[in-house]
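# Geometric and topological summary
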Amino acid sequence: MFSRIVVKVGTSTLTHPSGSLHLERLDKLARTLSDLRNGDRDVLFVTSGAIGAGSSALNFPAKPETVSGKQAAAAVGQCRLMHVYDKLFSEYGNHVAQILVTRGDLTEPRRAASLLRTLEELFRWGVIPVINENDALSQEEILSEQNIFGDNDTLSALVASLVHADLLVLLTDRDGFYDADPGTNPDAKKLDRVSEITAAMRSGAGGAGSARGTGGAITKLAAADIALEKGFPMVIAGGHDPAVLYGILRGENVGTVFSL
Ligand code: GLU
């Protein structure tokens, strides 16, 4: 079971608070994803962290304020990310391939079909595609802090739907989905299983996540909406130890499962 999985990892999991890459975690992630690939699964990795990694590489104290600054930082950071991924995944005997997409590549049928053909070829070759939004060109991604669309949570769900993945995992800095913001509400409870997104869940979801990440609970719910509609399971789990993926694949009670 689970022969094709999409794993999305958020900025706050991939980077230290300073924005520099969390190499120990990236190493574990590369090892775990490589192992899953070696187990004859198609594995697709949706990465965030380009803006954070670029800002840190350039010694900026924080992410740039302007959209063009964020776009330029992403262009620097994306190289950093791929350099490290290429090195780590190849140490574990696997190849990665970078694909940067804009929303239209996933929603416009001809472009989506072209993307799918490329991805299928990469899967056939045993390569692990690494997808991020093409931040240098796409404004909707970076503007998502205000507009709540174009984030990598939604993007990963659209990708999972396109490739007919049988599982989408979002690895994040929280260990699951909570009924309220656990950062501000001590009574917030983690949900183990969700088959329907209620109005109360939406109103409890609040705004964008941490200062480093872009998505928050709202974008996680947007991804879950797609997963529930298209009929593939989605799991939100803590990414501090990427080996959590093994437990998820074994069907253990890890994080929050969104499934009908
Ligand atoms: N594409 C952004 C980046 O790589 C992150 C977007 C997100 O986390 O949703 O920096």
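Check the entry above for the structure.
Residues numbered from 1 in each chain as written. Predicted model: local features only at pLDDT ≥ 70, side-chain atom pairs only at ≥ 80, totals over all residues. Heavy atoms only, no water.

### A look at the pairing of strand S2 (residues 42-47)
The cut-off we apply is this: Residue exposure (1.4 Å probe, protein chains only): buried if accessible area is under 20% of the type maximum, exposed if over 50%, otherwise partly exposed. Counting from the N terminus, the helices are the DSSP runs of H or I reaching at least four residues and the strands are the DSSP runs of E reaching at least two. The pairing criterion is simple: DSSP has to find at least two bridges between the two strands.
Among the six residues of S2, six are classified as buried, and the element is accordingly described as predominantly covered. Taken together, the six bridges between strand S1 (residues 4-9) and S2 define a ladder with parallel strand orientation. Bridging from a neighbouring strand, Ile5 pairs with Val43 of S2. Where S2 meets strand S4 (residues 128-133), two bridges bridge the pair, whose relative direction is parallel. Note on S4: the bridge partner recorded for Phe45 is Val130.

### What about the packing of helix H3 (residues 50-57) against helix H4 (residues 67-91)?
When two helices pack together, their arrangement is captured by the angle between the axes and the distance separating the axes. Put simply, the rule reads: To obtain each axis, a line is fitted to C-alpha atoms, and for helices this fit is confined to the stretch in contact; angles are then taken between N-to-C directions over 0 to 180 degrees. Working definition: roughly parallel below 35 degrees, roughly antiparallel above 145 degrees, roughly perpendicular at 65 to 115 degrees, and oblique for all remaining angles. Between two residues, a contact is recorded if the distance between any of their heavy atoms is within 4.5 Å. All residues other than Ala, Val, Leu, Ile, Met, Phe, Trp, Tyr, Cys, Pro, Asp, Glu, Lys and Arg, Gly among them, are scored as polar; the first ten of these are nonpolar and the last four charged.
Running from N to C, H3 and H4 point in directions that differ by 90°, and their axes come no closer than 6 Å. Taken as axis vectors, H3 and H4 run roughly perpendicular relative to one another. Touching Ala50, Ile51, Ala53, Gly54, Ser55 and Ala57 of H3 are Lys70, Ala73, Ala74, Val76, Gly77, Gln78, Arg80 and Leu81, all from H4. For the contact of H3 with H4, a count of residues per class yields eight nonpolar, four polar and two charged.

### Thoughts on the sheet that holds S4
The strand order across the open sheet built from eight strands is S3-S4-S2-S1-S5-S9-S10-S8, with neighbouring strands paired in mixed fashion. Looking at strand neighbours, the two that pair on one side only are strand S3 (96-101) and strand S8 (193-194), the edges of this open sheet. In this fold H4 packs onto S2, S3 and S4, with an angle of close to 155° to the strand it touches most, S3.

### Let's talk about the side chain of Thr102
Note the cut-off: Side-chain atoms alone can form a polar contact between residues adjacent in sequence; in general such a contact is a pair of N or O atoms within 3.5 Å, and within protein one must be able to donate a hydrogen while the other accepts it.
With respect to the helices and strands, Thr102 occurs in the loop between S3 and helix H5 (103-107). Engagement of the side chain of Thr102 in a polar contact is seen with the side chain of Arg111, the distance being 3.4 Å. Look past the residues within four positions of Thr102 in its chain and what remains in contact with it is Arg111, Glu133, Asn134 and Ser138.

### Let's talk about the pattern of salt bridges
Quick note on the threshold: Salt-bridge detection follows one rule: a side-chain nitrogen of Lys or Arg within 4 Å of a carboxyl oxygen of Asp or Glu.
Applying the stated criterion across every chain, the model contains 13 salt bridges. A salt bridge links Asp153 to Lys8; its shortest N-O distance comes to 2.7 Å. Taken together, the residues Asp153 in helix H9 (residues 152-162) and Lys8 in strand S1 connect sequence positions 145 residues apart. Of the residues examined, Lys8 reaches a relative accessible area of 7% and is grouped as buried. A salt bridge links Arg124 to Glu121, with the nearest nitrogen and oxygen atoms 3.6 Å apart. Of this pair, Arg124 and Glu121 both sit in helix H6 (residues 109-124), three residues apart, roughly one helical turn. Members of the salt-bridge network, linked through shared partners, are Arg4, Arg37, Asp42 and Glu120.

This is a description of form; function is not addressed.
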